[in-house]
Amino acid sequence: MKKIFGKKISLLLTASMMTAVVLVSVLAGGCTDKKSKDVLTDESGIVLSGKMPDKLPDGLSWYDFTEDTAVFDYLTETVGGYFISDITWFADHTWVFLSETEPQKPVYHIMSFDKDNKSDCDFVVRNEFGDNISLDRMILGDRLYIEAYDFASLEQYLYPIDENNGSIAPENKIVLTKQSQEYESPNRFTFVGNDVAILKQENTTHVELVDPSAGTVKQKVSLDNLASDFNIRYPEGILCAGNNKVVVWGSTSANYIFGQIRYCLVDLETGKISALDEMEYINVPLRNLTYCSGRLVTVTDGGVYNIDVDAGTCKMILSFNCSVCNRFLVSNSELKYADEDRLLFSYSSRYAGANQIRFALCTFTRTNEYPAAGKNILTIASTEDLDYSISEAMMRFNQESGTSYMLFDNRYKTNSEIDYANTDNADRAALSSLNSYASVSDRLTMDILAGEGPDILITNGGNEQLSNNEYFIDLSGYLQNESGINESGYFMNAIEASKFNGALYQLPIGFYVDCLLATADDLGDRNGFTFEEYQSMVKTVCNGADPLYDHQLTFSRTEVATRLFSNESGKFITDGKIDVNCSDFNEILDYCSELPAKSFYEGKDVDSEWEDLMLSKDNMHVQPAVVYGFYEFEEYSMRFKEPLICGYPSVDGRTATVGSNIAVSISANTGDVNSCKQFLSILLSDDIQKTLFMNIPVNKKCARDIALMEIEEYNKNVARSEGVMFTKTGKAIDTALADRYIEQLSTATTSGFIYHSISIIIYEEIPAYFERQKSFEDVAKIINDRAQKVLDERE
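Definitions and limits used
- Residues numbered from 1 in each chain as written.
- Predicted model: local features only at pLDDT ≥ 70, side-chain atom pairs only at ≥ 80, totals over all residues.
- Heavy atoms only, no water.
- Salt bridge = Lys/Arg side-chain N within 4 Å of Asp/Glu carboxyl O.
- Helix = DSSP H or I, 4+ residues; strand = E, 2+ residues; numbered from the N terminus.
- Buried < 20%, exposed > 50% of the residue type's maximum accessible area, 1.4 Å probe, protein only.
- Contact = heavy atoms within 4.5 Å.
- Core = buried A, V, L, I, M, F, W, Y, C linked by side-chain atoms within 4.5 Å.
- Pairing = 2+ DSSP bridges.
- Axes fitted to C-alpha atoms, helices over the stretch in contact; angles between N-to-C directions.

## Quick notes on the pattern of salt bridges
Line of reasoning, step 1. Under the defined criterion, the tally for this structure stands at 31 salt bridges.
Line of reasoning, step 2. Glu-392 is the salt-bridge partner of Arg-396, the closest N and O atoms lying 3.4 Å from each other. Separated by four residues within a single helix, Arg-396 and Glu-392 lie in helix H4 (residues 388-400), roughly one turn from each other.
Line of reasoning, step 3. Overall, Glu-392 belongs to the buried group, its relative accessible area being 6%.
Line of reasoning, step 4. Measuring nitrogen to oxygen at the nearest pair gives 2.9 Å for the salt bridge that ties Lys-701 to Asp-705. Residue Lys-701 and its partner Asp-705 are located together in helix H18 (residues 700-721), separated by four residues, close to a single helical turn.
Line of reasoning, step 5. Taking relative accessible area as the criterion, Lys-701 reaches 53% and is therefore assigned exposed.

Spelled out as structure tokens, the structure:
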């Protein structure tokens, strides 16, 4: 894209804000001149424009990628139901430690597979270790071990695994440590050379470096300042980081909504503790941090990085741009083995739906072939983590396109600066996220105006700022004439809700519904409420407990009000003019002013209250929910018949809100419309539609097929559990629920578009009204004045 738009650059100075986006650029002419000093490159040094080089830059290699489920298919056939505790690579074999799910007493398997994923051994452990021994996981040190805990003696053991047959023996054990009587749980530990570093949390939190052969403590380092200095309130694990150093990691909050994982480097010799993310040489997100093959590594959307804490370096050892791979699978996997020629990842997901991959071994193998050489470059960037479906579509595009190759561009990542100190403040978290998106939005807008913007844009929500025919094509013509989409086979309500001022700049590939779930027994066929109707329903159906706040769990009244404004923004903003000084906006604020000022979670220990909290929520006849797929609808239907999808209260009783995590826009200035449409067609294909997990396919048949798959799997579990002692037996689900699901999804029609920069203004100003510091008229005037400046600067 070379054209420079004639819009005013001053709009970049506004606090604009957009939802998470994925950007794809077809850069036939390049986003910068290759001779320029400011040539754009990815993390590995590949130029993000023009054509792929005939030869990769020095230090880079091309890798073949394979995604293999053979091991897991074999386990399903031979073992049946199983729970995988651990997978690792040792002595040129993949080792799997698992337990069967059917027997009442644990039955364990230690299995190995060769490089072709053929089974070599299967050592079965039944009751040889007694009732008090818990076999937990595999540990790789100087050899392969099984970690165990003795609930009788409170001792922690290591059982060496015989690499020839996978066997372990009760008498052949190493005693690591013993817990005191009041702390009856195992410690986390890691090998550091021939010693073992143990993370102990008793009266104090500390690391002990133990010589396992002698059972003696060689060093002890206090970690009591983790919370005060580094905001790690709940240490959860420990990793080797090299010579006499470890990384301790943990959560910053008991509240899972706010808790962030943070890593601290601990020098066992000096006792010094440092936040790893604050090191000058750490220039990538720290996620999936592991110690593998003698190196500390982190896996990001862009590739694999080796962290050398002694040398103070963080270097890429594998670029995912140098492979045709599904980067979602890899970036959400654990690296199990790495050398110059081969990297092995293990992917697993306990929460995968029936249409999702649960387990896979992903292998990168270095090759002399380089199939992308000379192809036109398309770049794809994301403000969020790429999901499976987008990653799969990218991989298929690169496999199928004979002329173009898609690269990942990491310039637009949001929320990269984590607020580790925020443990439970909903308003602080929301504003932090809004400001992060505002910063990314400004950079994105600047790139578009400079002619360096994307040719394809994929958002996770309505982006009004970029819904403009100077930026993107109105896809209405494509929808009617080329897409193959028809009214009977697709959720046209989701597509219509994605239109902005009558134009379809963003075509949803998948969508979600933000709603209240209710039952027809209580509400008949209602799909929306006015505020008066809603408050009446709260009294009669909910016994006075307002589900919008009491069981939404995370929102403050300020955030509820901002969301309700967004659901009706079309009432207040027309033809570039805003007016909230009206009875409709006043009604929203008056309703929200009666809600508690703080979110439900603030100041609460989620761990101790979670069970009661969830039980009370599940028993509510009316429950707020975001329906990302069949699961949420299915869960509600297990308690209440004839589920309804209803909108949040509004002035005019409108229906539930439609949003999208995968909505596609094509640049009005793209130089390769055909390639853009090729990628769009891949996303709309049945194969990709049926992989959607955190989005509902826009294709009704695919959405229904996924629902039927979930019902079938659930009913099989019900049948297996029948008559089994101590097993909770549910009730089989009628397949008619899939039709009910499709019917109710079709009722949601409220647009999910958000004026993000204006939402920030509302978020900042309305607390003064709630706290009776200003009148409604004063607050409305301030909002109108500030918001109108934003709108005027876009003209």
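## What about the side chain of Ser-556?
Line of reasoning, step 1. In this fold, Ser-556 is placed in the loop between helix H10 (547-550) and helix H11 (557-567).
Line of reasoning, step 2. Beyond its immediate chain neighbours, meaning those up to four positions away, Ser-556 contacts Ala-426, Asp-427, Ala-597, Lys-598, Ser-599 and Tyr-763.

## Examining the environment of Tyr-420
Line of reasoning, step 1. Here Tyr-420 lies in the loop between strand S27 (404-409) and helix H5 (426-449).
Line of reasoning, step 2. Overall, the relative accessible area of 13% leaves Tyr-420 in the buried class.
Line of reasoning, step 3. Each C-alpha atom of the pair Tyr-420 and Ser-253 lies 8.9 Å from the other, and the pair is 167 residues apart in sequence.
Line of reasoning, step 4. Every residue in contact with Tyr-420, bar those within four places of it in the chain, is listed here: Asn-231, Arg-233, Thr-252, Gln-260, Ile-261, Arg-262 and Asp-277.

## Description of the nonpolar core
Line of reasoning, step 1. Core analysis: the largest hydrophobic core is formed by 88 residues, its most contacted members being Val-513, Met-537, Phe-585, Cys-592, Tyr-741, Ile-758 and Ile-766.
Line of reasoning, step 2. Broken down by element, this core gets its largest block of residues, seven residues, from helix H22 (residues 776-792).
Line of reasoning, step 3. Setting aside chain neighbours within four positions, we find Val-513 in contact with Ala-625, Val-626, Val-627, Ile-645, Ala-656, Thr-657, Leu-745 and Ala-748.
Line of reasoning, step 4. Counting 33 residues, the second largest nonpolar core, distinct from the first, contains Ile-390, Met-406, Cys-676 and Leu-680.

## What to know about the sheet that holds strand S15 (residues 234-240)
Line of reasoning, step 1. With respect to topology, four strands assemble into an open sheet ordered S15-S16-S17-S18, the strand pairing being antiparallel. Each edge of the open sheet is held by one strand with a lone partner, namely S15 and strand S18 (273-275). Strand after strand, the sheet turns through a mean of 30 degrees between neighbouring axes, direction not considered.
Line of reasoning, step 2. Here seven bridges tie strand S16 (residues 245-251) to strand S17 (residues 261-267), and the two strands are oriented antiparallel to one another. Bridging from a neighbouring strand, Val-246 pairs with Val-266 of S17.

These figures come from the coordinates and say nothing about function on their own.
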